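Read off the chains here:
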Amino acid sequence: MAVERFTIEGDLEAESFLPWIVRHMQRLGLRGVPVRRADGQVEITLSGPADLIDAMELGVSLGPIDVWVEAIARQRLENADVP
């Protein structure tokens with residue numbers, strides 16, 4: 001199992017974005033909780049198979065129509081617990 005933190009930047013204010021992320025994670029069988037940061041970014045710490053985390057990045061980059069994802073920074077985490 002891989003564990004990574006995504007930090008997502010862009011126009012992410014739509015209320016539908018976090019629930020959309022949760023549904024997409026569940027479809028891929030990943031674990032994690034998205035959090036909207038005070039600076040407007042969204043952060044997710046994900047755990048699951050590396051290939052499915054890659055698929056999550058692609059899905060988030062395309063996102064729902066009411067957001068605009070400009071960048072996703074990925075950080076591999078070692079020995080991290082994911083809710």
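Residues numbered from 1 in each chain as written. Predicted model: local features only at pLDDT ≥ 70, side-chain atom pairs only at ≥ 80, totals over all residues. Heavy atoms only, no water.

A.B. asks: Requested: an account of a negative patch on the surface, with residues and values cited.
C.D. replies: Among the surface-exposed residues, Glu9, Asp11, Glu13, Glu15 and Glu70 lie close enough to one another that they form a single negatively charged patch. Topologically, Glu9 is positioned in strand β1 (residues 2-11). (Patch = residues over 30% accessible without salt bridge, like charges linked within 9 Å, V, L, I, M, F, W, Y side chains within 5 Å. Areas by Shrake-Rupley, 256 points an atom, 1.4 Å probe, with all protein chains shown as cover. Salt bridge = Lys/Arg side-chain N within 4 Å of Asp/Glu carboxyl O. Lys, Arg positive; Asp, Glu negative; His and termini not counted. Charge placed at Lys NZ, Arg CZ, Asp CG, Glu CD. Helix = DSSP H or I, 4+ residues; strand = E, 2+ residues; numbered from the N terminus.)

A.B. asks: Describe the packing of helix α1 (residues 17-28) against helix α2 (residues 50-62), with residues and values.
C.D. replies: Two numbers describe how α1 lies on α2: the axes approach to 10 Å, and their chain directions differ by 150 degrees. It follows that α1 is roughly antiparallel to α2 by the angle criterion. The way α1 lies across α2 gives a crossing that is right-handed. Together, Phe17, Trp20, Ile21, His24, Met25 and Leu28 of α1 and Leu52, Ala55, Met56, Gly59 and Val60 of α2 make up the contact between the two elements. Across the contact of α1 with α2, the residue classes tally to 9 nonpolar, 2 polar and no charged. (Axes fitted to C-alpha atoms, helices over the stretch in contact; angles between N-to-C directions. Parallel < 35°, antiparallel > 145°, perpendicular 65-115°, else oblique. Left-handed = near helix turned anticlockwise from the far one by under 90°. Contact = heavy atoms within 4.5 Å. Nonpolar A, V, L, I, M, F, W, Y, C, P; charged D, E, K, R; others polar.)

A.B. asks: Outline the pattern of salt bridges, listing residues and values.
C.D. replies: A full pass over the atoms with the stated rule returns 7 salt bridges. With its nearest N and O atoms 2.8 Å apart, the salt bridge here joins Arg37 to Asp39. By relative accessible area, Arg37 is classed as partly exposed at 29%. A single network of salt bridges, built from pairs that share partners, joins Glu4, Asp54, Glu57, Arg74 and Arg76. (Buried < 20%, exposed > 50% of the residue type's maximum accessible area, 1.4 Å probe, protein only.)

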